[in-house]
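Chain by chain, the residues:
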Amino acid sequence: MSRFNLFVVPIECPHCGNKVKVRFQASIGALDLIDFIPGDQVIDIPAEVNPPIFGDGPNDHTIDFWTYGLGNCPICQNYIWGKVNIRSKIFESVTLIQDEPDDMYGWGLL
């Protein structure tokens, strides 16, 4: 069990400009340190943990939503914040944001 899962995407680091794969930590789905890539189902997957611990986010898992994720560049080690986008229970993408959110567990509708 864990407090988050990992959402892996290629990005251009906003700090050093290198093209890197970043693992964004976010509390979505059955939390078990699972690596997800775009196209992977996140919501309602069979859990390896018993009972699963579910992350923050909407209780209605039929809606499309985003939640904040935190990663760091493997080259320059700077933190990078993004919005992890979930559409139809599927990890779609990460949208980078500039500033650290007031509530790192916040979420919203897509």
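Here's what I pulled together on the structure shown here. (Residues numbered from 1 in each chain as written. Predicted model: local features only at pLDDT ≥ 70, side-chain atom pairs only at ≥ 80, totals over all residues. Heavy atoms only, no water.)

### Description of the overall build of the chain
Scanning the chain for helices and strands turns up zero helices and seven strands. Helices (α) and strands (β) of the chain occur, in sequence order from the N terminus, as β-β-β-β-β-β-β. In the chain, buried positions account for 38% of the 110 residues. Looking at the chain as shown, the accessible area adds up to about 6400 Å², and 48% of this sits on carbon and sulfur atoms. (Helix = DSSP H or I, 4+ residues; strand = E, 2+ residues; numbered from the N terminus. Buried < 20%, exposed > 50% of the residue type's maximum accessible area, 1.4 Å probe, protein only. Areas by Shrake-Rupley, 256 points an atom, 1.4 Å probe, with all protein chains shown as cover.)

### Describing the packing of aromatic side chains
Within the structure shown, the criterion is met by four aromatic pairs. Arranged with centres 6.4 Å apart and planes meeting at 80°, the rings of F65 and W107 form a pair that is edge-to-face. Here the residue F65 occupies a position in strand β4 (residues 65-72), and W107 occupies one in strand β7 (residues 107-109), the gap between them amounting to 42 residues. Judged by its relative accessible area of 2%, F65 falls in the buried class. For W107, a relative accessible area of 36% gives the class partly exposed. Ring geometry for W66 versus Y68: centroids 4.9 Å apart, planes at 65°, classification edge-to-face. Each of the two residues, W66 as well as Y68, counts as buried. Members of the aromatic cluster, joined through ring pairs, are F7, F36 and F91. If you follow K83 out to its NZ or CZ, it ends over the ring of W66, 4.2 Å from the centre. (Phe/Tyr/Trp six-rings, centres within 6.5 Å; stacked < 30°, edge-to-face > 60°. Lys NZ or Arg CZ within 6 Å of the ring centre and 35° of its normal.)

### What about the pattern of salt bridges?
The final tally for this structure, using the stated rule, is three salt bridges. Among the ionic pairs, D64 bridges to R87, the shortest N-O distance being 3.6 Å. Placement of D64 in the loop between β3 (35-36) and β4 and of R87 in strand β5 (residues 79-87) is noted, with a sequence separation of 23 residues between them. Ionic pairing is found between E92 and R87, a salt bridge with its closest N-O pair at 2.9 Å. Each of the salt bridges in this network shares a partner with another, and the network as a whole consists of D64, R87 and E92. (Salt bridge = Lys/Arg side-chain N within 4 Å of Asp/Glu carboxyl O.)

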